Amino acid sequence: MATKANWNYPTAVRFGAGRIAELPDALKAAGITRPLLVTDAGLARLPVTQDALALLKAAGIEAGLFAEVKPNPVAGNVEAGINALREGGYDGVIAFGGGSGLDVGKVIAFMAGQTRPMWDFEDIGDWWTRADPKGIFPIVAVPTTAGTGSEVGRAGVITDEATHTKKVIFHPLMMPKVVIADPELTVGMPTFITVGTGFDALAHCLEAYCAPGYHPLADGIAVEGVRLVLENLPKVVSYPTGIEARGHMMSAAAMGATAFQKGLGAIHALSHPVGSLHDTHHGMTNAVFMPYVLAANREAIEERIERLAAYCGLDPSFDAFMAAVLDLRKQLGVPHTLKDLKVGPQNRETIGDMAIVDPTAGGNPVRLTRDLALEIFDNAREGRL
Ligand SMILES: NC(=O)c1ccc[n+]([C@@H]2O[C@H](COP(=O)([O-])OP(=O)(O)OC[C@H]3O[C@@H](n4cnc5c(N)ncnc54)[C@H](O)[C@@H]3O)[C@@H](O)[C@H]2O)c1
Ligand SMILES: [Fe+2]
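Quick look at the structure, then. None of these values were measured; they are calculated from a predicted model. (Residues numbered from 1 in each chain as written. Chains lettered and ligands numbered in written order. Predicted model: local features only at pLDDT ≥ 70, side-chain atom pairs only at ≥ 80, totals over all residues. Heavy atoms only, no water.)

1. What about the environment of Lys-235?
Going by this rule: Secondary structure elements follow DSSP: runs of H or I of four or more residues count as helices, runs of E of two or more count as strands, with numbering from the N terminus. Per-residue accessibility, obtained with a 1.4 Å probe over protein chains only, is compared with the maximum for each type, and a residue is labelled buried under 20%, exposed over 50%, and partly exposed between these values.
Among the structural elements, Lys-235 can be located in helix H7 (residues 216–238). A residue is classified by how much of its surface remains accessible, and Lys-235, at 45% relative accessible area, is partly exposed. Distance from Lys-235 to Pro-133, taken between C-alpha atoms, is 43 Å for residues 102 residues apart in sequence.

2. Concerning the packing of helix H9 (residues 266–278) against helix H12 (residues 348–357)
Which entries qualify depends on this criterion: Only the contacting stretch of a helix is used when fitting its axis, a line to C-alpha atoms as for every element, and angles between N-to-C directions run 0 to 180 degrees. Put simply, angles under 35 degrees are roughly parallel, angles over 145 are roughly antiparallel, angles from 65 to 115 are roughly perpendicular, and the rest are oblique. Working rule for handedness: look at the near helix, and if it is turned counterclockwise from the far one by less than a right angle, call the crossing left-handed; if clockwise, right-handed. We call two residues in contact whenever any of their non-hydrogen atoms come within 4.5 Å of each other.
Where H9 meets H12, the axes come as close as 8 Å, and the angle between the chain directions of the two elements is 130°. When the axes of H9 and H12 are compared, the pair comes out oblique. Along this stretch, H9 crosses H12, giving a crossing that reads as right-handed. Between H9, through Ala-269, Leu-270, Pro-273, Val-274, Ser-276, Leu-277 and His-278, and H12, the contact on the second element is made entirely by Thr-350, Ile-351, Met-354 and Ala-355.

3. Some remarks on the side chain of Thr-145
Along the polypeptide, Thr-145 turns up in the loop between strand E6 (139–143) and strand E7 (155–160). Residue Thr-145 is classed as buried on the basis of its relative accessible area of 12%. Apart from residues lying up to four places away in sequence, Thr-145 is in contact with Gly-97, Gly-98, Gly-99, Thr-186, Met-189, Ile-193, Thr-197 and Met-250.

4. Topic: the pairing of strand E8 (residues 165–170)
Condition: By the convention used here, strands pair only if DSSP detects at least 2 bridges between them.
The element E8 is extensively covered by neighbouring structure, given that 5 of its 6 residues are classed as buried. As judged from the 6 bridges shared by E7 and E8, these two strands associate in the antiparallel manner. The residue bridging Gly-156 from the neighbouring strand is Ile-169, located in E8. In this antiparallel pair of consecutive strands, E7 and E8, the connection spans 4 residues, and His-164 shows a positive phi of 55°.

5. Overview of unusual backbone geometry
Cis geometry is found at the peptide bond from Tyr-9 to Pro-10, where omega equals 0°. On the secondary structure map, Pro-10 appears in the loop between strand E1 (4–8) and strand E2 (12–16).

6. Notes on the coordination of the iron ion (ligand 2)
To be explicit about the condition: Donor atoms: N, O and S within 2.8 Å of the metal, or within 3.2 Å for Na, K and Ca. Because water is excluded, sites can look incomplete. A four-donor site is classed as tetrahedral when every donor-metal-donor angle falls between 85 and 135 degrees; four donors are called square planar, and six octahedral, when trans pairs exceed 155 degrees and all remaining angles lie between 65 and 115, with any other arrangement labelled irregular.
With distances of 2.2 Å, the protein atoms coordinating the iron ion (ligand 2) are Asp-200 (OD), His-204 (NE2), His-268 (NE2) and His-282 (NE2). Between the 4 donor atoms coordinating the iron ion (ligand 2), the angles at the centre fall across 84 to 170°, so the site counts as irregular. Donor residues for the iron ion (ligand 2) sit on one chain with the sequence pattern D-x3-H-x63-H-x13-H. On the criterion of sequence distance, the pair formed by His-268 in helix H9 and His-282 in helix H10 (residues 282–311) is long-range, its members being 14 residues apart. On the basis of relative accessibility, which here comes to 2%, the residue His-268 falls in the buried class.

7. What to know about the side chain of Thr-39
The condition is simple: What qualifies as a polar contact is a pair of N or O atoms within 3.5 Å, subject to a donor-acceptor requirement within protein and to the restriction that residues adjacent in sequence count only when both atoms come from side chains.
Assignment of secondary structure puts Thr-39 in the loop between strand E3 (35–38) and helix H2 (41–44). Thr-39 sits in the buried class, given a relative accessible area of 0%. Of the polar contacts made by the side chain of Thr-39, one reaches the backbone oxygen of Phe-96; its length is 2.8 Å. Contacts of Thr-39, omitting those with residues within four sequence positions, involve Ala-44, Thr-49, Leu-65, Phe-66, Ala-67, Glu-68, Val-69, Phe-96, Gly-97 and Gly-101.

8. Description of the nonpolar core
Quick note on the threshold: Among the buried residues, those of types Ala, Val, Leu, Ile, Met, Phe, Trp, Tyr and Cys that are joined through side-chain atoms within 4.5 Å form a nonpolar core.
Core analysis: the largest hydrophobic core is formed by 100 residues, its most contacted members being Phe-199, Phe-289, Leu-294 and Phe-321. A per-element tally of this core places H10 first, with 12 residues. Setting aside anything within four residues of it in sequence, one finds Leu-294 in contact with Leu-206, Ile-301, Ile-305, Phe-318, Phe-321, Met-322 and Val-325. Listed in part, the 20 residues of the second largest apolar core include Ile-20, Leu-27, Leu-56 and Ile-180.

9. A word on the packing of aromatic side chains
What counts is decided by this rule: For this analysis, a ring pair means two rings from Phe, Tyr or Trp (six-membered ring only for Trp) whose centres lie within 6.5 Å, classed as stacked if their planes differ by under 30 degrees, edge-to-face if by over 60, and tilted for the remaining angles. For a ring to carry a charge above it, either NZ of a lysine or CZ of an arginine must fall within 6 Å of the ring centroid while also lying within 35 degrees of the normal to the ring plane.
Enumeration over the complete set of coordinates arrives at 3 aromatic pairs. Aromatic pair Phe-110 and Phe-121: ring centres 5.1 Å apart, planes at 85°, arrangement edge-to-face. One end of the pair, Phe-110, is in helix H5 (residues 99–111); the other, Phe-121, is in the loop between H5 and E6, with 11 residues separating them in the sequence. For the pair Phe-110 and Phe-121, one class covers both residues: buried. Summarising the aromatic geometry, the rings of Trp-128 and Phe-170 are spaced 6.5 Å apart at their centres and angled 85° between planes, so their arrangement reads as edge-to-face. Taken together, the residues span a long stretch of sequence, with Trp-128 in the loop between H5 and E6 and Phe-170 in strand E8 at a distance of 42 residues. Looking at Arg-130, its charged tip hangs above the ring of Trp-127, at a distance of 4.2 Å from the centre. Above the plane of the ring of Tyr-209 lies Arg-304, whose end atom (NZ or CZ) is 4.6 Å from the centre.

Structure follows, in structure tokens:
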């Protein structure tokens, strides 16, 4: 893909193949001289991370590496990272990876100079105003998956191990100063992660578009994001080194996260407890839930989905859009049921309780009651559409 572009929307994004070479310059632009690169343990060993560290070294930048981040990251990962940041005298963070590395990197930088505990900054009401903005270190974000869009977001999702809940830590200044969106970095993803993260981007765009409330800016971004995923996710799976399609997926991921400030919905409200209780992949869990949630919300969203279907070049009907989602899942090997994802019935009641208080539940176009959450869960377990 020859396309290179600089966007300031919603933050400074350097988009294009090969632009990881600009990492030293991006650090300079963010005012970072001694960065701590934060990523997950698996990714730390791969060439994509080692190459980034090597190019920092070649530029004379002394960077540290913190890789104690697990997928579905937990509070202990953040605590250990804050200690590494403080002890090493680093002055900023390179948040590097999929959503897990990006989220932990961002929250470490946010917590660097705070005196209150992390859970005091959960995304509830105006809790973020408790933070000292001067204590937030600058962040350069480098996504290596195309899904969460966390690189352009102002929050990090961290699991509270005590309660097995995914909590959102939010502050407007957690937004990275510079993003390097280089699609070449995503080429090495295993297919399962390519598909799962791609469906996460689709879920963000779709749920944001269907969330109630007046936000035509978010709606506009979301519909183009949906189109990009429908057209490009099959291409990256059948031709993994195709940089053009990889680039479109990376854009769709950033678009999803930009749009979902409008709200998310029941896909995420159910996927969060399932992910934290069963340690399933976030995006893949969304992919399983997607058609069951669409069906449950049908009456409230039918008209909107007809417009979306028309924009995506499908028959302008709810059924055509549903068929496109089901086809995409089937073509890309997404499990059709929670059973196929190895999610048993044992936490059913807890999942119902947790889904309705998840911060994303309020964005569902139909009120997500406990009964409705359990009905969707049961349908997704049994494959009832
Ligand atoms: N901040 C947000 O707005 C937001 C939004 C959605 C999801 N999330 C969170 O993000 C997390 C999920 O992120 P994710 O789906 O990107 O997965 P991930 O970061 O957990 O990564 C999944 C796996 O893919 C590997 N991987 C990543 N990039 C790779 C590459 N280029 N080559 C080879 N392997 C690679 C990782 O090592 C890991 O094993 C969840 O914790 C979820 O809750 C956050
Ligand atoms: Fe998500």
